[in-house]
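Coordinate analysis (summary)
The primary structure of each chain is shown beneath.
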Amino acid sequence: MTAQMSSDGGPWRLYVVLYGETEWPTFRWELPGPVPTGAERRAVLDLLGYEVAPGAAWSWSEDSRDPDDDATATILIAAVGVRPISEGR
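Residues numbered from 1 in each chain as written. Predicted model: local features only at pLDDT ≥ 70, side-chain atom pairs only at ≥ 80, totals over all residues. Heavy atoms only, no water.

1. Quick notes on the layout of surface pockets
Convention followed: Buriedness of a pocket was judged along seven lines, with at least five required to meet protein on both sides within 12 Å; pockets are open sets of points on a 1 Å grid over the protein atoms alone, cavities are sets where a 1.4 Å probe fits but cannot get out, and lining residues have an atom within 4 Å of a point. Grid points are joined across faces, edges and corners, and a volume is the space filled by probe spheres set on the points. Three classes are used: nonpolar for Ala, Val, Leu, Ile, Met, Phe, Trp, Tyr, Cys and Pro, charged for Asp, Glu, Lys and Arg, and polar for all others, with Gly counted as polar.
Taken as a whole, the largest pocket spans an internal volume of roughly 220 Å³. Every residue along the wall of the largest pocket is listed here: S6, S7, D8, P11, W12, R13, Y15, R28, R65, I75 and I77. Split into classes, the residues belonging to the lining of the largest pocket amount to 5 nonpolar, 2 polar and 4 charged.

2. Some remarks on the pairing of strand β6 (residues 74-84)
Inclusion rule: Here, a strand pair is defined by DSSP locating no fewer than two bridges between the strands. Helix and strand assignments come from DSSP, with helices taken as H or I runs of at least 4 residues and strands as E runs of at least 2, each series counted from the N terminus.
Pairing of strand β1 (residues 2-7) with β6 involves 6 bridges; the strand directions are antiparallel. In the strand pairing of β6, S7 is matched with L76. Two strands pair when backbone bridges link them, and strand β4 (residues 50-52) and β6 are joined in this way by 3 bridges, in the antiparallel orientation. Bridge pairing in β6 links E51 to R83. The pairing of strand β5 (residues 59-64) with β6 spans 6 bridges and is antiparallel. Bridge pairing in β6 links E62 to L76.

3. Overview of the nonpolar core
Filter applied, for reference: As used in this record, nonpolar core signifies buried Ala, Val, Leu, Ile, Met, Phe, Trp, Tyr and Cys residues forming a set joined through side-chain atoms within 4.5 Å. Between buried and exposed lies partly exposed: a residue is buried under 20% and exposed over 50% of the maximum accessible area for its type, with that area taken using a 1.4 Å probe on protein chains only. What makes two residues a contact is simply this: any of their non-hydrogen atoms within 4.5 Å.
In terms of nonpolar packing, the biggest core is built from 14 residues, with L14, V16, L45, Y50 and V82 touching the most fellow members. Every element with two or more residues in this core is listed here: β1, β2 (13-17), α1 (38-48) and β6. Among all residues touching V82, those that are not within four sequence positions of it are M1, T2, A3, V16, L45, Y50, E51, V52 and A53.

4. Describing the environment of V16
By secondary structure assignment, the location of V16 is in strand β2. For the pair formed by V16 and V82, sequence separation is 66 residues and the distance between their alpha carbons is 8.2 Å. In this view, V16 contacts T2, A3, W24, P25, L45, L48, Y50 and V82; residues no more than four positions away in its chain are not counted.

5. Quick notes on a negative patch on the surface
Using the following cut-off: The patches reported here contain residues having more than 30% relative accessible area and no salt bridge. Joining distances are 9 Å for like charges and 5 Å for nonpolar side chains (Val, Leu, Ile, Met, Phe, Trp, Tyr). Note on areas: Shrake-Rupley, 1.4 Å probe, and residue coverage restricted to the protein chains presented here. Within this document, salt bridges are pairs made up of a side-chain nitrogen of Lys or Arg and a carboxyl oxygen of Asp or Glu, the two lying within 4 Å of each other. Under this rule, positive means Lys or Arg and negative means Asp or Glu; His and the chain ends count for nothing. Where a charge lies is defined by one atom per residue type, namely NZ (Lys), CZ (Arg), CG (Asp) and CD (Glu).
Negative charge collects at one region of the surface, where D66, D68, D69 and D70 lie side by side. You can see D69 is positioned in the loop between β5 and β6.

6. Thoughts on the pattern of salt bridges
What the rule picks out here adds up to 2 salt bridges. Note that R65 and D8 form a salt bridge whose closest N and O atoms lie 2.5 Å from each other. Separated by 57 residues along the polypeptide, R65 in the loop between β5 and β6 and D8 in the loop between β1 and β2 bring together distant segments of the chain. Of the residues examined, R65 reaches a relative accessible area of 63% and is grouped as exposed. Owing to a relative accessible area of 37%, D8 belongs among the partly exposed residues under this scheme. Where R83 meets E51, a salt bridge forms, and the shortest distance between an N and an O atom there is 2.8 Å.

Encoded structure:
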């Protein structure tokens, strides 16, 4: 499983990608601000019932609403492998 966190300059949103599901566990920081710290991300994953998988590390990439127009706002996306907390305990 993968958790992703993204922002286009507004509030950050963290969600766990569940293929085949229509709704994903999601958390949104209400105000735009600095990138949530690793500790803040772990706390949110715990709240959602997940933890970073052993040996996994956050990776970063960027995208935009229109990949053919480099003048559009950049969307920053972070991803990390996760597992349900019950699997680790």
